[in-house]
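# Residue-level structural notes
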Amino acid sequence: MADGRELVLEGVHLYGLARFAEAVVVFKRAAAVTPVAPVGAFVYMYRLMRSHILELPVELREAAEPWLVRMAEREAELRQRAEAQPPDALDQFLLALCLQEGIAMRRDTAQAAEFYQRAVDQGWAPACCNLGLMRLKESAADSADRAVALFRRGAELGHASAACSLGWCYLASMGVPFDEDQGFFWIKKAADQQYPPALSNLGACCTHGWGVPRSRERAEQAMLQAAQLGDTRGMCMLAQVRLQSGAAAATAEALAWLHRAADLGEGDALHKLSLYFAERHSRGGGSSNNSSNSDADLASAAKYLRRAAGLGHTASMEKLGTALATGTSMPSDRRQAVYWLRRSQSRSLFSSAQWWTQ
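What you are looking at is a predicted structure, and each value in this text was computed from that prediction instead of being measured. (Residues numbered from 1 in each chain as written. Predicted model: local features only at pLDDT ≥ 70, side-chain atom pairs only at ≥ 80, totals over all residues. Heavy atoms only, no water.)

## Section: the overall build of the protein
Test applied: In DSSP terms, a helix is any run of H or I states spanning at least four residues, a strand is any run of E spanning at least two, and both are numbered starting from the N terminus. For each residue, the accessible area found with a 1.4 Å probe, counting protein chains only, is set against the maximum for its type, and the residue is called buried under 20%, exposed over 50%, and partly exposed in between. Any pair of residues with heavy atoms lying within 4.5 Å of one another is described as a contacting pair. Only the protein chains shown count as covering a residue, and every accessible area follows the Shrake-Rupley method with a 1.4 Å probe.
The number of helices and strands found in the protein is 19 helices and 0 strands. The buried share of the protein, taken over its 358 residues, is 49%. Once local pairs closer than 6 in sequence are excluded, the contacts in the protein between residues at least 24 apart make up 52%. When the accessible surface of the protein is summed, it comes to about 17,200 Å², and 51% of that surface belongs to carbon and sulfur atoms.

## Focus on the packing of aromatic side chains
The cut-off we apply is this: Pairing of aromatic side chains requires ring centres within 6.5 Å, counting the rings of Phe and Tyr and the six-membered ring of Trp. Pairs whose planes differ by under 30 degrees are stacked, by over 60 edge-to-face, and all others tilted.
Scanning all chains against the criterion turns up 10 aromatic pairs. Where Phe 93 meets Trp 124, the ring centres are 6.1 Å apart and the plane angle is 55°; that geometry is what we call tilted. Taken together, the residues Phe 93 in helix α6 (residues 89-101) and Trp 124 in the loop between α7 (109-121) and α8 (125-136) connect sequence positions 31 residues apart. In this structure Phe 93 comes out as buried when scored by relative accessible area, which is 2%.

## A closer look at helix α16 (residues 267-283)
One full turn of an α-helix is made of 3.6 residues, so residues set three or four places apart face in the same direction. Heads up, the condition is: The span expected for a helix works out to 1.5 Å for each residue beyond the first. Polar contacts, as counted here, are pairs of nitrogen or oxygen atoms within 3.5 Å of one another; within protein the pair requires one atom able to donate a hydrogen and one able to accept it, and residues that are adjacent in sequence qualify only if both atoms are side-chain atoms.
In a regular helix each residue adds 1.5 Å, so 17 residues correspond to 24 Å; α16 covers 25 Å between its end C-alpha atoms and thus fits that length. For α16, every residue scored as buried is listed here: Gly 267, Ala 269, Leu 270, His 271, Lys 272, Leu 273, Ser 274, Tyr 276 and Phe 277. Where α16 begins, the side chain of Glu 266 points an oxygen toward the backbone nitrogen of Asp 268, at a separation of 3.1 Å. Just downstream of α16, Gly 284 is the residue with a positive phi angle, here 110°.

## Focus: the nonpolar core
Applicable threshold: The term nonpolar core refers to a set of buried residues drawn from Ala, Val, Leu, Ile, Met, Phe, Trp, Tyr and Cys, joined through side-chain atoms within 4.5 Å.
Within the largest apolar cluster, 57 residues are counted, with the highest numbers of intra-cluster contacts made by Phe 151, Leu 166, Ala 190, Tyr 195, Leu 202 and Leu 273. Per-element tally for this core: the top contributor is helix α10 (residues 160-172), with 9 residues.

## As for α7
Over its 13 residues, α7 extends 18 Å from the first C-alpha to the last, a length consistent with the 18 Å expected when each residue adds 1.5 Å. Those residues of α7 not exposed but buried are Ala 112, Ala 113, Phe 115, Tyr 116, Ala 119 and Val 120. Those residues of α7 that are buried lie in contact with α5 (75-83), α6, α8 and α9 (143-156). One side-chain oxygen at the N-terminal end of α7 lies 3.2 Å from the backbone nitrogen of Ala 110; it belongs to Asp 108. Gly 123, located one to two residues past α7, shows a positive phi value of around 80°.

## A short note on the confidence of the model for the protein
Parts of the prediction with low pLDDT should not have their coordinates interpreted in detail. As a reminder of what qualifies: Residue-level confidence of the predictor is summarised by pLDDT, bounded by 0 at the bottom and 100 at the top.
Chain-level statistics for the protein give a pLDDT mean of 86 and a share of 85% at 70 or above. Counted against residues more than four places away or in other chains, residues 348-358, with its pLDDT under 50, gives 24 contacts.

## Comments concerning the packing of α8 against α9
Basically, it comes down to this: Helix axes are fitted to C-alpha atoms over the stretch in contact, other axes to C-alpha atoms as well, and angles between N-to-C directions run from 0 to 180 degrees. When describing relative orientation, an angle under 35 degrees is termed roughly parallel and one over 145 degrees roughly antiparallel, while 65 to 115 degrees is termed roughly perpendicular and anything else oblique. Throughout, a crossing is termed right-handed when the near helix is turned clockwise from the far one, and left-handed when it is turned anticlockwise from it by less than a right angle. The classification used treats Ala, Val, Leu, Ile, Met, Phe, Trp, Tyr, Cys and Pro as nonpolar, Asp, Glu, Lys and Arg as charged, and all other residues, Gly among them, as polar.
Look at α8 against α9: their axes get within 8 Å of each other, and the N-to-C directions meet at 165°. By the angle between their axes, α8 is roughly antiparallel relative to α9. Here the hand of the crossing between α8 and α9 comes out left-handed. Along its contact with α8, which presents Ala 125, Cys 128, Cys 129, Leu 131, Gly 132, Leu 133, Arg 135 and Leu 136, the element α9 presents Ser 143, Ala 144, Arg 146, Ala 147, Leu 150, Phe 151, Arg 153 and Gly 154. Looking at the contact of α8 with α9, its residues break down into 10 nonpolar, 3 polar and 3 charged.

## Brief notes about the pattern of salt bridges
If the charged atoms of two oppositely charged side chains come close together, the side chains can form a pair. Quick reminder of the rule: We count a salt bridge whenever a side-chain nitrogen from Lys or Arg sits within 4 Å of a carboxyl oxygen from Asp or Glu.
The full count for this structure, using the stated rule, is 13 salt bridges. We note a salt bridge from Asp 91 to Arg 81, for which the minimum N-O separation is 3.2 Å. One end of the pair, Asp 91, is in helix α6; the other, Arg 81, is in helix α5, with 10 residues separating them in the sequence. Arg 81 gets classed as partly exposed once you look at its relative accessible area, which sits at 35%. One salt bridge connects Glu 138 with Arg 135, and the closest N-O pair in it is separated by 2.8 Å. Take Arg 135: its relative accessible area is 11%, and that puts it in the buried class.

## Brief notes about the layout of surface pockets
Put simply, the test is: For each structure, a 1 Å grid was placed over the protein atoms alone; sets of points admitting a 1.4 Å probe that cannot get out are labelled cavities, open sets with protein on both sides within 12 Å along at least five of seven lines are labelled pockets, and lining residues have an atom within 4 Å of a point. Grid points are joined across faces, edges and corners, and a volume is the space filled by probe spheres set on the points.
Within this model, the second largest pocket holds a volume of roughly 260 Å³. Lining the second largest pocket, in full, are Gln 240, Leu 243, Gly 246, Ala 248, Thr 251, Lys 272, Leu 275, Tyr 276, Glu 279 and Arg 283. Elements supplying a minimum of two residues to the lining of the second largest pocket: α14 (232-245), α15 (248-263) and α16. Tallying contributions element by element places α16 first for the lining of the second largest pocket, with 5 residues.

## Digging into unusual backbone geometry
A cis amide bond links Gln 85 with the next residue in sequence, Pro 86, at an omega value of -5°. Along the polypeptide, Pro 86 turns up in the loop between α5 and α6. The phi torsion at Ser 173 lies on the positive side, around 55°, for a residue other than glycine. Along the polypeptide, Ser 173 turns up in the loop between α10 and α11 (180-191). A relative accessible area of 41% means that Ser 173 is categorised as partly exposed. Backbone geometry places Ser 329, a non-glycine residue, at a positive phi of 75°. Of the residues examined, Ser 329 reaches a relative accessible area of 40% and is grouped as partly exposed.

Structural data, given as structure tokens:
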């Protein structure tokens, strides 16, 4: 029988591939192996429960509830394990994760970076990726260069998220010169591991011809794989393609994908739903021109726009602010308009790159 640490390692690997349901099952097994459950199982179950990234089955949710309470008592254990000799990269990584996200302790990004670096020095691939993401969001002149070096190290160790991030750095000219061949190479490496965000990016490569001949069929296949694996960006990309066809069946499929992504908290899906219903309102309310259908579409457009803005979607915040300022499609409200317009302008450059956080 695998010991608790081996199970936690397996769970971390599955989590890194965005296979959350499988990860939950493994973490639950890890918690049952010993009288004192491996702390990594608590940390990751807590993340899943807190972020609502996954709607857990009732039996697993009930099993996880006590973990949320017990996490508050874990700081001393986490720190003791991370400082132990000989050093254990997994324990250092778990402490860094808790410090970064404020799990069971006060958030401290400087200390998180320190413990991530300790794990990186031991060749721990997930730490390479997480620290790389932290570096990308820093303002120092060499932040992007340092992030790329970390992504490259993680990618060479076989970490899918690091490879996906490295590939996108090449395509976005972040820390490295633009190189579509290298971008496609690393994204394909991650997609071959069935990493959902990489499959979405593979779809983008095939759509635009980045490092690979353009192929709508291959692009849609990759997007569909990503969507079926639960990637909300893939759902939105596939929905956009389906909407462009104009066929009734394709439109229905597109709306189903957008609603699914919206239910998972994807701001871009809510934004696209708002745009869809606003456009349908301008045409007179779908298949019928009666005013009740048209009014319902306008109300739906406003509802989805507000939800997207509330999630921090930059374009939605700007659009909502403009609508409130001009009284277009909703009653004017100058105070709220100023609030949303200011928020939209203060968003980070990385606000639209939601796949970085996978």
